[in-house]
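# Structure assessment
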Amino acid sequence: MSDPLSWSSMLRVLAGLGLVLVVFYLLLRVLKRAQPGLASGRADFRVVASLALSPRERVLLVQVGEQQLLLGAGAQGLRCLHVLPQALEAKPPGSGMPAVPFADWLRKAVASSASSGACSGSSIDPS
């Protein structure tokens, strides 16, 4: 390998390989940008609600156009559980029950335990 011709041919091969890799990378970026609907979310397809049943399983309410689907997502993939006859309104998280600040709940718990005078084994309902 001390022949100068072999070094120049090896450098030419490496330069050609580098050029092919750069062209391949740029081509992938152009194709990724050219795919419709992946970069910007589509308005007619969205997840309305999601509920985790376990670390690997969840239930999804998906809006597709005017129709809503209830999907189960697990280790085996997605499965359509139900097609809803009419769309449900999505509520913001936590809107189902009024939030009770922890300080108010603690004050109520301390007052009720002080008035009873003894510790009972019952749980305290924060609502």
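Since the model is a prediction, treat every value here as computed from it, not as a measurement. (Residues numbered from 1 in each chain as written. Predicted model: local features only at pLDDT ≥ 70, side-chain atom pairs only at ≥ 80, totals over all residues. Heavy atoms only, no water.)

Each helix and strand in the chain was counted, giving two helices and four strands. What you see in the chain, going N to C, is helices and strands ordered as α-β-β-β-β-α. Each of the 127 residues in the chain was classed as buried or not, and the buried ones make up 10%. Long-range pairs, those at least 24 residues apart, make up 8% of the contacts in the chain between residues at least 6 apart in sequence. On the chain, roughly 11000 Å² of surface is accessible, and the fraction owed to carbon and sulfur atoms is 66%. (Helix = DSSP H or I, 4+ residues; strand = E, 2+ residues; numbered from the N terminus. Buried < 20%, exposed > 50% of the residue type's maximum accessible area, 1.4 Å probe, protein only. Contact = heavy atoms within 4.5 Å. Areas by Shrake-Rupley, 256 points an atom, 1.4 Å probe, with all protein chains shown as cover.)

A separate point is the sheet that holds strand β3 (residues 67-74). Hydrogen bonds between backbone groups are what pair the strands of a sheet, and the pairing can be parallel or antiparallel. Taken together, four strands build an open sheet; the order of strands is β1-β2-β3-β4 and the sheet is antiparallel. Each of the sheet's edge strands pairs with one partner strand only, and the pair in question is β1 (45-52) and β4 (77-84). Neighbour to neighbour, the strand axes of the sheet diverge by 25 degrees on average, direction disregarded. As paired strands, strand β2 (residues 58-64) and β3 are joined by seven bridges and run antiparallel to one another. Each residue of the ladder has a partner; that of Leu 61, found in β3, is Leu 70. (Pairing = 2+ DSSP bridges. Axes fitted to C-alpha atoms, helices over the stretch in contact; angles between N-to-C directions.)

With that out of the way, let us pick up a nonpolar patch on the surface. A cluster of nonpolar side chains, Trp 7, Met 10, Leu 11, Leu 14, Leu 17 and Leu 21, forms an exposed patch at the surface whose accessible area comes to about 620 Å². Within the secondary structure, Leu 21 sits in helix α1 (residues 4-34). (Patch = residues over 30% accessible without salt bridge, like charges linked within 9 Å, V, L, I, M, F, W, Y side chains within 5 Å. Salt bridge = Lys/Arg side-chain N within 4 Å of Asp/Glu carboxyl O.)

Bringing the nonpolar core into the picture now. A general tendency of soluble globular proteins is for nonpolar side chains to be buried together. Within the largest apolar cluster, five residues are counted, these being Leu 60, Val 62, Leu 69, Leu 71 and Ala 73. Mapped onto this core, the elements with two or more residues apiece are β2 and β3. For this core, the element with the most residues is β3, which contributes three residues. Sequence-distant contacts of Leu 60, that is, excluding residues within four places in its chain, are made with Val 47, Ala 49, Ser 50, Leu 69, Leu 70, Leu 71, Ala 73 and Leu 78. (Core = buried A, V, L, I, M, F, W, Y, C linked by side-chain atoms within 4.5 Å.)

Tracing the sequence through the fold places His 82 in strand β4. Spatially, the C-alpha atoms of His 82 and Leu 70 are 5.1 Å apart, while their sequence positions differ by twelve residues. Every residue in contact with His 82, bar those within four places of it in the chain, is listed here: Gln 68, Leu 69 and Leu 70.

The share of residues in the chain with pLDDT of 70 or more is 65%, and the mean pLDDT across the chain is 75. Taken as a whole, residues 116-127 scores under 50 in pLDDT and shows ten contacts with residues more than four places along the chain or in a different chain. (pLDDT = per-residue confidence, 0-100.)

What follows concerns the pairing of β3. Linkage of β2 to β3, two consecutive antiparallel strands, is achieved through a turn of two residues, within which Gly 65 is found at a positive phi near 65 degrees. Of the strand pairs in this sheet, β3 and β4 are connected by seven bridges, and their pairing is antiparallel. Its bridge partner lying in β4, Gln 68 is registered against Leu 84. With antiparallel pairing between neighbouring strands as the criterion, β3 and β4 make up a hairpin whose turn holds two residues.

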